[in-house]
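Structural features, examined
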Amino acid sequence: MVSRRFDYIVVGGGSAGCVVASRLVAEHGARVLLVEAGPRRASRILAMPAGYMKFLARETYLTMHRVIPQPQLGGRAPIVPQAKVLGGGSAVNAMVYIRGQAADYDRWDEALGGAGWSYRDLLPYFIRQEGNDHLGGPYHGVGGPLKVSHLGQHSAMSRAFVQAMQARGIPYTADFNGARQDGVGFMQHTIDWAARRRCSAVDAFLGPVLSNPKLTLETEATVTRIHLEKGRATGVELQGRGGRTTAFADAEVILAAGTYMTPKLLMLSGIGPSDELSRHGIQVEADLPGVGRNLQDHHEVPVVATTSGAFGYFGQDRGLAMLSNGLQYVMFKSGAVTTTGVEACAFIDPDGNERPTIQLYCVPTVYLDRDVSGVEPTHGVTLNPCLLRPKARGAVRLASADPAAMPLVDPQFFGDPDDLRLTIAGLRYAREVLATSPVREMVHAEIFPGPETASDEDLAAHCRKTVKTNYHPVGTCRMGRANDPHAVVTSDLAVRGVQGLRVVDASIMPTIPSGNTNAPVLAIADKAVDIIIGSSRMNDEPMAASPKHIPSLFH
């Protein structure tokens, strides 16, 4: 067994891990070991905006987690994937850049007693990271490494959707990360406008330090246990291509393995609910009942219609069309390859409240999860109401004490009746959009669930049959005050009852943000470095905007 020493060990090379490792090495000269279970390099196809769609149904760069059968879904167990490649979700996702609502973060901060996690506290991190191609202050950064832009093109159906929503009285919103989130518009993406290619966390943050001798990167390696000595995390045990290894951290072990794998690793190391650990014969090092609890995820249900023409992207990824599109992309950086296919959305509340509860996606093709059958791909449109703040809470548990065993995921989709009620309201709203001009003139017929599915009972059955993840799991190691028995980490991201151990990924979120989660994870990780180092940089350096002058979104 080989033994090595570092200042910091970062477990997980996803969005959070890339940010933390990069800054610790580049700005603080720390010796960092970054461990990633997936491969170092992904297919070059994934760098193309449309390329990720080739891998949605494959397990090449994804881990398919075990979901326990859901009683509220009639025993169905929806597919729940997680990225497994350097860069994590930022390397395989649809690249949507949305931060959420200010009220999301302000409620975190309120629950934490004003510990520096409000929207005003996090906004400077969003701004500092961002290199937006055309939006600037006070909400956006223009010189940051994370390139953000609009897509290279928008389909006819996406444009019609935006127009139909305006016809229904929903205001056009040019910037979902600006003064207000509600409205309809075109989403921004983490795409480098000049190159028309993905800007992952590796591209933006880790790439510049990959050749730095202070960074040791181990890919295709799995951390099996955190090494604890007298209540302190001193290192990790990992299994890689070279066999079993122990690495030691003189400063801290930092967990960035994600909402599913971070609680698994904590529990394997004896940190978690004592009853759960005892059931698997694991010695309890720190009894933390909240580890693995509080799981939240955005989930969506489709309404699908065929169209009277080719207004979207059906068939553009095969045959002569694929070759033509590829050639256009290579030569001119334009055409269908420059879009993710998820171009427009609306933030609404079917109940008529000001604060949006639904993110309504327009997907200009027939798009269904792979475990849903009975609908053939064709020219069409899919409207997906995605619940922004589900009330149900799920959990992640151990399947066994074997580090190679996947954790058991219990997402609890529709575990709260109000989640189902709001989703049904979102489906009815989506149908009204299909019947609104100019979308109405483009739609041939609703095919799924079909016009005969009209009652709340029938729509509820459709929801249970088709609900799918929006790939945004959070919350399983949530932040909380010292007197909160279910808090796993404190406001400084330190694991309670264990020294030298922090969590910096989406699992620390007390509640899920109202939007796609990659941008918040990047900002959290950036703030985490300042917490870890005790840096005063945020106070010493001028920012692109002064937080005290920024109005909040949806208080």
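For clarity, every value in this text was computed on a predicted model and none was experimentally measured.

1. Remarks on the UniProt feature "binding site: FAD" (unreviewed entry) in the chain
- Look at the UniProt record and you will see "binding site: FAD" (unreviewed entry) annotated at Val85, Asn93, Ala94, Met95, Val96 and Val223. The greatest C-alpha distance among the annotated residues, which extend across 139 residues, is 29.7 Å, indicating that they are dispersed rather than converging on a single site.
- Overall, the relative accessible area of 1% leaves Met95 in the buried class.
- The residue Val96 is located in the loop between helix 2 (89-92) and helix 3 (102-111) in this model.
- Look past the residues within four positions of Val96 in its chain and what remains in contact with it is Met187, Gln188, His189 and Asn516.

2. Concerning the state of the cysteines
- Enumeration over the complete set of coordinates arrives at zero disulfides.
- No disulfide involves Cys18; its sulfur sits 11 Å from that of Cys199, the nearest cysteine.
- No disulfide involves Cys386; its nearest neighbouring cysteine sulfur is the one of Cys345, lying 9.6 Å away.
- A residue is classified by how much of its surface remains accessible, and Cys386, at 0% relative accessible area, is buried.

3. A look at the packing of helix 3 against helix 4 (residues 119-129)
- Their axes nearest at 8 Å, the elements helix 3 and helix 4 cross at an angle of 120°. Here helix 3 is positioned oblique relative to helix 4, judged by the angle of their axes. Listed contacts from helix 4 to Ala102, Tyr105, Asp106, Trp108 and Asp109 of helix 3 are Tyr119, Asp121, Leu122 and Phe126.
- Of the residues contributing to the contact of helix 3 with helix 4, the split by class is six nonpolar, no polar and three charged.

4. A few points about the side chain of Thr234
- Mapped onto the elements of the fold, Thr234 is located in strand 12 (residues 232-240).
- The contact partners of Thr234, leaving out residues within four places of it in the chain, are His227, Leu228, Glu229, Ala247, Phe248 and Ala249.

5. Quick look at the confidence of the model for the chain
- Taken as a whole, the chain shows an average pLDDT of 93; of its residues, 94% reach a score of 70 or greater.
- Counting contacts from residues 535-552, a segment whose pLDDT is below 50, to residues more than four positions away or on other chains yields 33 contacts.

6. Some points on the sheet that holds strand 22 (residues 408-410)
- Strand order in this open sheet of four strands is 4-3-22-21, and the pairing throughout is mixed. Edge positions in the sheet fall to strand 4 (80-83) and strand 21 (395-397), since each has one partner strand and no second. Sheet twist, expressed as the mean angle between neighbouring strand axes with direction ignored, is 40°.

7. Quick word on helix 13 (residues 518-533)
- Over its 16 residues, helix 13 runs 23 Å from end to end, which matches the ideal 22 Å to within 8%, given 1.5 Å per residue.
- Counting buried positions along helix 13 gives 14 out of 16 residues, so the element sits mostly inside the fold.
- Remark: Gly534 follows helix 13 within two positions and exhibits a positive phi of approximately 75°.

8. Let's talk about the UniProt feature "domain: Glucose-methanol-choline oxidoreductase N-terminal" (unreviewed entry) in the chain
- Mapped onto the present numbering, the UniProt feature "domain: Glucose-methanol-choline oxidoreductase N-terminal" (unreviewed entry) falls on residues 83-106 and 258-272.
- Between the C-alpha atoms that bound residues 258-272 there is a distance of 16 Å. The span itself is 53% helix and 13% strand.

Definitions and limits used
- Residues numbered from 1 in each chain as written.
- Predicted model: local features only at pLDDT ≥ 70, side-chain atom pairs only at ≥ 80, totals over all residues.
- Heavy atoms only, no water.
- UniProt positions renumbered as here; feature names shortened; annotations may be inferred.
- Buried < 20%, exposed > 50% of the residue type's maximum accessible area, 1.4 Å probe, protein only.
- Helix = DSSP H or I, 4+ residues; strand = E, 2+ residues; numbered from the N terminus.
- Contact = heavy atoms within 4.5 Å.
- Disulfide = S-S within 2.5 Å.
- Axes fitted to C-alpha atoms, helices over the stretch in contact; angles between N-to-C directions.
- Parallel < 35°, antiparallel > 145°, perpendicular 65-115°, else oblique.
- Nonpolar A, V, L, I, M, F, W, Y, C, P; charged D, E, K, R; others polar.
- pLDDT = per-residue confidence, 0-100.
- Pairing = 2+ DSSP bridges.
- Expected span 1.5 Å × (residues − 1).

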